[in-house]
Amino acid sequence: MFKLYHDVVTDVITISVYGDGYLDSSYSMQVLITPSRPGPFKLISVNTTTLYEGQEDVIEAILQNTGYTADDVSASAYSTISSDTYATVSSSTVSEGNYLYVYIYVTPNTAGSGVIKLSVTYTWPYTTNTYTDTFQFNVNVLANVAVNFASTNGGQVSTVATINGQQTNNLWVMPGTYTISVPSIVTVSNGVRYVFSHWSNGYGSSPTISVNVENSMELTAYYTEQYYVSIVDQVTGKSIIGWFNGGSTLTLPTLPQYVSTGNGSRLVFQEWSCGYPVSATITVNSPINCTAEWIKQYNVAVNFASTNGGQVSTVATINGQQTNNLWVMPGTYTISVPSIVTVSNGVRYVFSHWSNGYGSSPTISVNVENSMELTAYYTEQYYVSIVDQVTGK
């Protein structure tokens, strides 16, 4: 009867021949008993069958030696998705029933479905025989779809795309057709936004596109920076309101210098609140909120008359200016008129008093809150010379 051995042993076999119950003869011989062959290896598991295009992936395959001890264990690998595929083993000797870890290094250069073939070669210590076990399994190689964002003037735009229904700017997918969408408008802050302009790679100007992914791809969504402009004149009703592209130019509304408000009053344009003059061309590089600034002026008029109803021809001084009519802002002003107005030799007018109860001084201070008209009254005088040379009277 034979025993199973796991090492090489020697033994003696004796053959005895009996006849009529007696030993006739016997023969003994020495035999060499060797164990059963190593292997074959059995594939137990593969840690992943999902790979990523352009990235080195390491696949761990676990195999079990179902036979006797295997020596000189090595592995090689081939794949249909990469020309750069090789394998290493955890040990060059694997005992009966033990596990061998094989590491397959592969850098896929194409996306899609592929096959990896693994060959494990080993020897038997007691012969020169070499054995090879071959395994094959399928893998899926994902392609990377990346979406970048930039403004047309070279700046960065911060937002998130939607790829295949997922909000992300980077997604690994199997080859196929996918929908990619980006926001039409990206609000940055009050008065600043980005408006979608176009895609790179010739994908047009719609924020939602359909792309056929065969390998990894990178797209850029370009946006135009816009600023909100509000330039308003409440007096004339002229305005420029809306979103304008950064770098665009605008011509401010042309406004009159004066706008009459009736009853001796008017509005005088000063400037735009943002510092622009009455008429200017501006470049939009930031949000603009601008209103026209006007000041109210009132007309101050000084008339001259004699107390007997005649006219007096002279000039007043209003706020330091020699004029009989002056537009001024609300406030207190000094008005003065000549004390004496000489008409001709022997005829003159002497200041008498003001209208409106402003008294009898030729220089007065008036508080202007509305338009006002004053009359300076003069008394007409004549020079009289009656002389008696004899009596001296």
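Up top you'll find the structure we're talking about.
Conventions we followed
Residues numbered from 1 in each chain as written. Predicted model: local features only at pLDDT ≥ 70, side-chain atom pairs only at ≥ 80, totals over all residues. Heavy atoms only, no water. Patch = residues over 30% accessible without salt bridge, like charges linked within 9 Å, V, L, I, M, F, W, Y side chains within 5 Å. Areas by Shrake-Rupley, 256 points an atom, 1.4 Å probe, with all protein chains shown as cover. Salt bridge = Lys/Arg side-chain N within 4 Å of Asp/Glu carboxyl O. Helix = DSSP H or I, 4+ residues; strand = E, 2+ residues; numbered from the N terminus. Buried < 20%, exposed > 50% of the residue type's maximum accessible area, 1.4 Å probe, protein only. Contact = heavy atoms within 4.5 Å. Phe/Tyr/Trp six-rings, centres within 6.5 Å; stacked < 30°, edge-to-face > 60°. Disulfide = S-S within 2.5 Å. Pairing = 2+ DSSP bridges. Axes fitted to C-alpha atoms, helices over the stretch in contact; angles between N-to-C directions.

Visitor: Can you break down a nonpolar patch on the surface residue by residue, with the values?
Guide: Together, Ile15, Val17, Tyr27 and Met29 line one region of the surface with nonpolar side chains, adding up to about 370 Å² of accessible area. Going through the elements one at a time, β1 (9-19) and β2 (22-33) are the ones with two or more residues in the nonpolar patch. Residue Met29 is classed as partly exposed on the basis of its relative accessible area of 36%.

Visitor: Describe the side chain of Ser200, listing the residues and the values that go with them.
Guide: Within the element layout of this structure, Ser200 appears in the loop between β16 (192-199) and β17 (208-213). Looking at Ser200, the relative accessible area reads 15%, which means it is buried. Once residues lying within four places of it in the same chain are set aside, the contact partners of Ser200 are Leu219, Thr220 and Tyr222.

Visitor: Give me the lowdown on unusual backbone geometry, citing residues and values where you can.
Guide: Cis geometry marks the peptide bond from Gly39 to Pro40; its omega dihedral reads -5°. Mapped onto the fold, Pro40 is located in the loop between β2 and β3 (41-46). Residue Asp72 is not a glycine yet carries a positive backbone phi of 50°. With respect to the element layout, Asp72 can be found in strand β6 (residues 71-79). The phi dihedral of Asn319 is positive, around 55°, even though this residue is not glycine.

Visitor: Can you lay out the packing of aromatic side chains for me, pointing to particular residues and giving the numbers?
Guide: All chains considered together, the criterion is met by 13 aromatic pairs. Relative to Trp243, the ring of Tyr228 lies with its centre 5.4 Å away and its plane at 65°, an arrangement referred to as edge-to-face. Separated by 15 residues along the polypeptide, Tyr228 in strand β18 (residues 217-232) and Trp243 in strand β19 (residues 239-245) bring together distant segments of the chain. Accessibility expressed as a relative area gives 31% for Trp243, which makes it partly exposed. Counting every residue linked through ring pairs, the aromatic cluster contains Phe149, Phe196, Trp199 and Tyr223.

Visitor: Can you lay out the environment of Ser95 for me, pointing to particular residues and giving the numbers?
Guide: Assignment of secondary structure puts Ser95 in the loop between β7 (85-89) and β8 (99-106). A residue is classified by how much of its surface remains accessible, and Ser95, at 33% relative accessible area, is partly exposed. For Ser95 and Met372, which are 277 residues apart along the polypeptide, the C-alpha to C-alpha distance reads 119 Å.

Visitor: Give a description of the state of the cysteines that names residues and reports values.
Guide: Applying the stated criterion to the full structure yields one disulfide. The disulfide partner of Cys274 is Cys290, and the gap between their sulfur atoms is 1.7 Å. Of note, the bridge from Cys274 to Cys290 carries an S-S torsion of about -90° and is left-handed in sense. Here Cys290 lies in strand β24 (residues 288-306) and Cys274 lies in the loop between β22 (265-272) and β23 (281-283), a separation of 16 residues in the sequence. Residue classification places Cys290 among the buried positions, given a relative accessible area of 0%.

Visitor: Run through the pairing of β22, naming residues and quoting values.
Guide: For β22, a buried count of six out of eight residues is recorded, marking the element as mostly surrounded by other parts of the structure. Relative to β22, strand β21 (residues 258-262) runs antiparallel, the two being bridged by four bridges. Within β22, the position partnered with Val259 by the bridge is Leu267. Counted between consecutive antiparallel strands, the loop separating β21 from β22 contains two residues, among which Asn263 sits at a positive phi close to 55°. Across seven bridges, the pairing between β22 and β24 is antiparallel. What sits directly across from Arg266, in β24, is Gln297.

Visitor: Before we move on, can you summarise the sheet that holds strand β28 (residues 331-336) with the specific residues and values?
Guide: Strand order in the open sheet formed by four strands is β26-β25-β28-β31, with antiparallel pairing between adjacent strands. Strands at the two margins of the open sheet, each flanked by one partner only, are β26 (321-322) and β31 (363-368). Where β28 lies against β31, six bridges are found, and the strand directions are antiparallel. Bridge pairing in β31 links Thr332 to Asn367.

Visitor: Could you give an account of the sheet that holds β3, with specific residues and numbers?
Guide: Spatially, the four strands line up as an open sheet ordered β3-β5-β8-β7, and their pairing is antiparallel. In this open sheet, the two strands that pair with only one neighbour each are β3 and β7. Direction aside, neighbouring strands of the sheet carry axes that sit 30° apart on average. Here strand β5 (residues 57-65) pairs with β8 via eight bridges, running antiparallel. Looking at β8, one finds that Asp57 is bridged to Val106.

This is a description of form; function is not addressed.
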